[in-house]
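Overview (structure and organization)
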Amino acid sequence: MNENIFYFFSNLVFRNEMVDMLIVFLADWLIWWMIFFVAVLFFLKKISFKIILKILTATLAAWLISKLIKHFYFSPRPFVLLTDIKTLFTHGLNDSFPSGHTTFAFALATAISLFSNWKTGLFFFVSAILIGLSRITVGIHWPLDILGGLVLGVIISSIFYFLQKTKVSRFNDSPQDKTSNV
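Residues numbered from 1 in each chain as written. Predicted model: local features only at pLDDT ≥ 70, side-chain atom pairs only at ≥ 80, totals over all residues. Heavy atoms only, no water.

**Quick look at the pattern of salt bridges**
According to the stated counting rule, one finds 2 salt bridges in the structure shown. Between Arg-135 and Asp-28 there is a salt bridge, with its nearest N and O atoms 3.8 Å apart. With a gap of 107 residues between them, Arg-135 in helix 6 (residues 118–137) and Asp-28 in helix 2 (residues 17–43) connect regions that are remote in the sequence. Relative accessible area serves as the criterion here: at 1%, Arg-135 is assigned to the buried category. Looking at Asp-28, the relative accessible area reads 26%, which means it is partly exposed. For Asp-95, the salt bridge goes to Arg-77, with nearest N and O atoms at 2.9 Å. Of this pair, Asp-95 sits in the loop between helix 4 (78–81) and helix 5 (100–115) while Arg-77 sits in the loop between helix 3 (49–72) and helix 4, and the two are 18 residues apart along the sequence. Taking relative accessible area as the criterion, Asp-95 reaches 24% and is therefore assigned partly exposed. (Salt bridge = Lys/Arg side-chain N within 4 Å of Asp/Glu carboxyl O. Helix = DSSP H or I, 4+ residues; strand = E, 2+ residues; numbered from the N terminus. Buried < 20%, exposed > 50% of the residue type's maximum accessible area, 1.4 Å probe, protein only.)

This is the structure we're talking about:
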């Protein structure tokens, strides 16, 4: 099934040069635009510096964990295993799972949704989906690589959010607050 889904997406390339350019943009450059939009939100005072730090910490932690997994888990890319595949750009050979771009994008989208605003997060989730699908389409990731990146990004950012929320609520539940009602 992984291979069938991969072929469905990879067959969309090399038919139209403009479509190929769009797919390369989504696969390789949209992630930088997501980071740029976070900076824009900060400069427009939609997100505080404190929230930016929380978002970036969660996102970078997810990305680093994906790099750690890649270091210990040998996973050849589709173009290595399938001889009939042409890619739109070159990439490393044996570090396919999980997709680092997808992990980063979904971690960022999740962190923005949880720490800031779910409506803004929705824009980032759409971008993350486009990044993941385009990474399959250009021929450098399997669908399961994308799914792994999605799950890893969402889980790590969620853990960071709930740990931070628990830490803040535990700090606010001081014994002095409980005795003042007596």
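There's plenty left to go through after this.
**Side note on the nonpolar core**
Counting residues in hydrophobic clusters, the biggest one holds 23 residues, and the most contacted among them are Ile-55, Leu-108 and Phe-124. Contributions of two or more residues to this core are made by helix 2, helix 3, helix 5 and helix 6. Here the element with the most residues in this core is helix 5; it accounts for 8 residues. Once residues lying within four places of it in the same chain are set aside, the contact partners of Ile-55 are Ile-47, Leu-108, Ala-111, Ile-112 and Phe-115. Counting residues in each nonpolar core, the second largest holds 7 residues, with Phe-6, Phe-9, Ile-136 and Trp-142 among its members. (Core = buried A, V, L, I, M, F, W, Y, C linked by side-chain atoms within 4.5 Å. Contact = heavy atoms within 4.5 Å.)

**Overview of the layout of surface pockets**
Counted as a void, the largest pocket has a volume near 270 Å³. Listing elements by their share of the lining of the largest pocket, those giving two or more residues are helix 2, helix 3 and helix 5. Here the residues of the lining of the largest pocket are counted per class, giving 6 nonpolar, 4 polar and 6 charged. (1 Å grid on protein atoms, 1.4 Å probe; cavity = no way out; pocket = protein on both sides within 12 Å on 5 of 7 lines; lining within 4 Å. Points joined across faces, edges and corners; volume = space filled by probe spheres on them. Nonpolar A, V, L, I, M, F, W, Y, C, P; charged D, E, K, R; others polar.)

**Some details on the packing of aromatic side chains**
If you walk through the whole model with that rule in mind, you get 14 aromatic pairs. Ring plane angle 80 degrees and centroid distance 5.4 Å describe the contact between Trp-33 and Phe-36, whose orientation is recorded as edge-to-face. Taken as a pair, Trp-33 and Phe-36 lie in helix 2 at a separation of 3 residues, close to a single helical turn. Taking the relative accessible area as the measure of exposure, Trp-33 reaches 41% and is therefore partly exposed. A centroid spacing of 5.3 Å and a plane angle of 80 degrees characterise the contact between Phe-115 and Tyr-161, whose relative ring orientation is edge-to-face. Highlighted residues: Phe-115 in helix 5 and Tyr-161 in helix 7 (residues 143–172), separated in sequence by 46 residues. With respect to class, Phe-115 is no different from Tyr-161; both count as buried. Aromatic rings pair up to connect Trp-33, Phe-36, Phe-37, Phe-123 and Phe-124 into one cluster. In this structure, Lys-86 packs its charged tip against the face of Phe-14, placed 4.8 Å from the ring centre. (Phe/Tyr/Trp six-rings, centres within 6.5 Å; stacked < 30°, edge-to-face > 60°. Lys NZ or Arg CZ within 6 Å of the ring centre and 35° of its normal.)

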